[in-house]
Amino acid sequence: MDGGDNNNSDEVFEQLVQVGNRLVLWVAAGAMVFGGVVPYVPQYRDIRRTQNAEGFSTYVCLVLLVANILRILFRFGRYFETPLLWQSIIMIVTMLAMLNLCTSVRMATELSTKRRSFIATDSKDEEIKVPKRLFLDGALLAYRIEPLPMGGNPSALTVC
């Protein structure tokens, strides 16, 4: 009987070790998949709350997008673990979300800045400034090129 109980406890111990190993593998895979995204969650919330994306570089998003797309393409040639594939997919989605937020915040900031400058120049007290381009357009209209006379010489162009 002693040998049967020992055999039984060894089987239970092996099953517990297998369950523990699977649990560790799932936790490690989850950490690999979501570990790269975690730092961007506070940045996303901060940019959304303050509506200011000045401290965030969109070049980082570009580099990470290219790297993760290349990793997915590399998988077609040489197989690698599925959690790394999921990590790339989730990072691409995260970077697209960050780029979407940053561009919308920056566009809203630019529009409000342009509105403020338009309102500031609309004041009656300020001096009216004519853009330089109007002067160039007027100067170009002052000179007119006459059509070539029949059988005429191109060097005989006259400027009025």
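Residues numbered from 1 in each chain as written. Predicted model: local features only at pLDDT ≥ 70, side-chain atom pairs only at ≥ 80, totals over all residues. Heavy atoms only, no water.

### Details of the environment of Val60
Take Val60: it is sitting in helix H3 (residues 58–77). Residues Val60 and Met95, 35 residues apart in the sequence, show an inter-C-alpha distance of 8.9 Å. (Helix = DSSP H or I, 4+ residues; strand = E, 2+ residues; numbered from the N terminus.)

### With respect to the pattern of salt bridges
Opposite charge on two side chains allows them to pair when their charged atoms are near. Counting across every chain of the model gives 1 salt bridge. Among the ionic pairs, Asp46 bridges to Arg49, the shortest N-O distance being 2.6 Å. Pair noted here: Asp46 and Arg49 are both in helix H2 (residues 40–50), with a separation of 3 residues, about one helical turn. The exposure class of Arg49 is exposed, given its relative accessible area of 64%. (Salt bridge = Lys/Arg side-chain N within 4 Å of Asp/Glu carboxyl O. Buried < 20%, exposed > 50% of the residue type's maximum accessible area, 1.4 Å probe, protein only.)

### Brief notes about the packing of aromatic side chains
As enumerated under the stated definition, the model contains 1 aromatic pair in all. On the numbers, 6.5 Å between centres and 85° between planes, the contact of Tyr40 with Phe56 is edge-to-face. You can see Tyr40 sitting in helix H2 and its partner Phe56 sitting in the loop between H2 and H3, a full 16 residues away along the chain. Of the two residues, Tyr40 and Phe56, neither departs from the other in class, the shared state being buried. Residue placement shows Arg75 over the ring face of Phe80; its charged tip is 5.6 Å from the ring centre. (Phe/Tyr/Trp six-rings, centres within 6.5 Å; stacked < 30°, edge-to-face > 60°. Lys NZ or Arg CZ within 6 Å of the ring centre and 35° of its normal.)

### Focus: unusual backbone geometry
A positive phi angle is found at Gln51, which is not glycine, with a value near 55°. Residue class for Gln51 comes out partly exposed when judged on its relative accessible area of 43%.

### Focus on the nonpolar core
One finds Tyr40, Ile47, Phe56, Met95 and Met98 to be the most contacted residues of the largest nonpolar core, which totals 16 residues. If you list the elements that add at least two residues to this core, you get H2, H3 and helix H4 (82–121). The element best represented in this core is H4, accounting for 8 residues. Setting aside anything within four residues of it in sequence, one finds Met95 in contact with Tyr40, Cys61, Leu64 and Leu65. (Core = buried A, V, L, I, M, F, W, Y, C linked by side-chain atoms within 4.5 Å. Contact = heavy atoms within 4.5 Å.)

### Observations concerning H3
Helix length check: H3 (20 residues) gives 29 Å between terminal C-alpha atoms against 28 Å at 1.5 Å per residue, within 8%. Those residues of H3 that fall on the buried side of the exposure criterion are Cys61, Leu65, Asn68 and Arg75. Down the axis, H3 shows its buried residues gathered within 85° of arc, on one side only. Projecting away from the buried face of H3 at angles above 90 degrees are the exposed residues Tyr59, Val63, Leu70 and Gly77. Between a side-chain oxygen at the N-terminus of H3 and the backbone nitrogen of Tyr59 the separation is 3.2 Å; the capping residue is Ser57. (Expected span 1.5 Å × (residues − 1). Arc of directions from axis to C-beta. Polar contact = N/O pair within 3.5 Å; in protein donor to acceptor, adjacent residues only side chain to side chain.)

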